[in-house]
Amino acid sequence: MKIIHYIGIALLLLVAFQSCKKDETQARLSTGDDVKAASLTLDKNSVTLSKQHADDTVLRLKFVQPDFGFQAAVNNVLQFGLKGDGFKSVKEVVIPNGHNEMAFTGFELNSYLLALGVPTGEMSDFDIRIKSSINNKIAAVFSPLAALKATPYASTSYLYAIGAYEDWVEANAESLISPTSNGIYTGIIYFPEGKLTFKLTPERNWNNSYGETEPGKIVYNGGKDIKAPRAGNLEVIVNTTANTISYKDHSWGIIGSATPKGWDADTDMKYDNANQVWKLTVALATGEIKFRKNHDWGTNFGGTNGTLVAGGDNIAVSTAGTYDIVFDLNTNTYTLTKK
């Protein structure tokens, strides 16, 4: 009977110990009143940005790290939002681990603020805060808001696609353009078969880059090589605010009796992103040509004397030879220059 009695006591003690251990774990993972959010201070609360001072440091921020009540790796993200918007529109900047301050050039700050869709040349009000998180099981905490008044300037910014399609040569990378620096970049790239991988960089070097975490999702200074979904001319659309990338078919070619494939198929042109024109060097026979979009007659151009006309007459080629062809939808013109 004593043996049974002692066994019962041992079991009760074991259950009590496990219960305490479980309660302790839950207490350490909870976000109670003792959690202290980060705090943030700016060295100024008003700034006027300009191209002349794009490379100058225009804003410095200092932080006090959050305290979750126990040792853990904390991820801090700086969030820019419109004043009073509740961060429905937000531009996020990752704070490097262990850093207690950051500095921004005029170009960087201008790009972040324009990503929120504000007008240029006039002052707007912004809220800035730090979002701190440990993992998905614990709710993130936010620092008190810091206020900033800023006047952004109009600018054009670029991303560069360094990749297999141009043999990973930085100087040859195609550019993606954001006309208003609002974080949305577009460009058209020709991807040959088997050469679909690339990365995106703010400059034609590897100091910083965007990689892919999963199809359609990108991350700054992380991830693996981005992979285009298929070969051919693709319009690439990048949103650095939402950290997304997407693609759609976008090609122009020539077709007709003067072209290598006749009226049966298009000879594709290549897009010059820097000058925003389509180009092709090709041997033409005596005959006629037209320009077609996406290998379909739904959108086509003919014309005369260098002027494009939607659905217009076939363009005559009177002399056989090798031609440099330029197709410009910005000016609605074309050129055929015999070499």
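Residues numbered from 1 in each chain as written. Predicted model: local features only at pLDDT ≥ 70, side-chain atom pairs only at ≥ 80, totals over all residues. Heavy atoms only, no water.

### Digging into the side chain of K91
Alright, step 1. Looking at the element boundaries, K91 is found in strand β5 (residues 90-94).
Alright, step 2. Here K91 occupies a buried position and makes no salt bridge, while the nearest side chain of opposite charge, E92, is found at 8.6 Å.
Alright, step 3. Here the side chain of K91 touches T240 through a polar contact of 3.0 Å, landing on its backbone oxygen.
Alright, step 4. Not counting chain neighbours up to four residues away, the residues in contact with K91 comprise L78, Q79, F80, Y112, A115, L116, T240 and T241. (Helix = DSSP H or I, 4+ residues; strand = E, 2+ residues; numbered from the N terminus. Buried < 20%, exposed > 50% of the residue type's maximum accessible area, 1.4 Å probe, protein only. Lys, Arg positive; Asp, Glu negative; His and termini not counted. Salt bridge = Lys/Arg side-chain N within 4 Å of Asp/Glu carboxyl O. Polar contact = N/O pair within 3.5 Å; in protein donor to acceptor, adjacent residues only side chain to side chain. Contact = heavy atoms within 4.5 Å.)

### Some remarks on unusual backbone geometry
Alright, step 1. We note that S181 has phi near 55°; this positive angle belongs to a residue other than glycine.
Alright, step 2. Along the chain, the position of S181 falls in the loop between β11 (174-178) and β12 (184-191).
Alright, step 3. Take S181: its relative accessible area is 1%, and that puts it in the buried class.
Alright, step 4. The phi angle at H295 is positive, at roughly 60°, despite the residue not being glycine.
Alright, step 5. As for its position among the elements, H295 is in the loop between β23 (287-293) and β24 (296-304).

### Some words on the nonpolar core
Alright, step 1. Judged by nonpolar contacts, the single largest core of 29 residues is most densely connected at L40, L61, L78, F80, F104, L109 and I128.
Alright, step 2. Looking at this core, the elements with two or more residues in it are β1 (39-42), β3 (57-64), β4 (75-82), β6 (101-105), α2 (106-114), β7 (124-133) and β9 (146-151).
Alright, step 3. Beyond its immediate chain neighbours, meaning those up to four positions away, L61 contacts L40, T41, L42, L78, N100, E101, M102, F104 and I128.
Alright, step 4. Counting 21 residues, the second largest nonpolar core, distinct from the first, contains I162, A173, L196 and F198. (Core = buried A, V, L, I, M, F, W, Y, C linked by side-chain atoms within 4.5 Å.)

### Description of the sheet that holds β3
Alright, step 1. Read from one edge to the other, the open sheet built from 3 strands follows the order β1-β3-β6, with strand pairing classed as antiparallel. Since the sheet does not close on itself, it has two edges, and those belong to β1 and β6, each with one partner. Between one strand axis and the next, the sheet turns by 20° as a mean value, whatever way the strands run.
Alright, step 2. Bridge analysis of β3 against β6 gives 5 bridges, and the strand direction is antiparallel. Looking across to β6, one finds that K62 is bridged to E101.
Alright, step 3. α2 rests against β3 and β6 of the sheet, and its axis sits at about 90° to β6. (Pairing = 2+ DSSP bridges. Axes fitted to C-alpha atoms, helices over the stretch in contact; angles between N-to-C directions.)

### Regarding the pattern of salt bridges
Alright, step 1. Summed over the entire model, instances satisfying the criterion amount to 6 salt bridges.
Alright, step 2. Among the salt bridges present, the one from K149 reaches D125, with a minimum N-O distance of 2.6 Å. In this pair, K149 sits in strand β9 while D125 sits in strand β7, placing the two residues 24 residues apart along the sequence.
Alright, step 3. Note that K195 and D167 form a salt bridge whose closest N and O atoms lie 3.2 Å from each other.

### Remarks on the pairing of strand β17 (residues 232-239)
Alright, step 1. Buried residues dominate β17, accounting for 6 of its 8 residues.
Alright, step 2. Bridge analysis of β12 against β17 gives 8 bridges, and the strand direction is antiparallel. For I189, the partnering residue across the bridge sits in β17 and is L234.
Alright, step 3. Pairing geometry for β17 and strand β18 (residues 244-249), over 6 bridges, is antiparallel.

### A few points about α2
Alright, step 1. α2 sits mainly inside the fold: 7 of its 9 residues count as buried.
Alright, step 2. Considered for burial, the residues of α2 that qualify are G106, L109, N110, S111, Y112, L113 and L114.

### Examining the packing of aromatic side chains
Alright, step 1. Scanning the entire structure with this criterion turns up 15 aromatic pairs.
Alright, step 2. An angle of 90° between the planes, with centres 5.7 Å apart, marks the rings of F104 and Y112 as edge-to-face.
Alright, step 3. With a centroid separation of 5.6 Å and an interplanar angle of 70°, the aromatic rings of Y165 and F191 are classed as edge-to-face. With Y165 in the loop between β10 (157-163) and β11 and F191 in strand β12, this pair connects stretches of sequence that are 26 residues apart.
Alright, step 4. Each residue in the set W252, F291, F301, F327 and Y334 is aromatic and connected to the rest through ring pairs, giving one cluster.
Alright, step 5. The ring of F87 is capped by R129, whose NZ or CZ atom sits 3.9 Å from the centre of that ring.
Alright, step 6. R129 extends its terminal NZ or CZ atom over the ring of F142, reaching a point 4.0 Å from the ring centre. (Phe/Tyr/Trp six-rings, centres within 6.5 Å; stacked < 30°, edge-to-face > 60°. Lys NZ or Arg CZ within 6 Å of the ring centre and 35° of its normal.)

### Focus: the UniProt feature "domain: Outer membrane protein SusF/SusE-like C-terminal" (unreviewed entry) in the protein
Alright, step 1. Here the UniProt feature "domain: Outer membrane protein SusF/SusE-like C-terminal" (unreviewed entry) sits at residues 254-335.
Alright, step 2. In residues 254-335, the share of helix is 0% and the share of strand is 60%. The end C-alpha atoms are 13 Å apart. (UniProt positions renumbered as here; feature names shortened; annotations may be inferred.)

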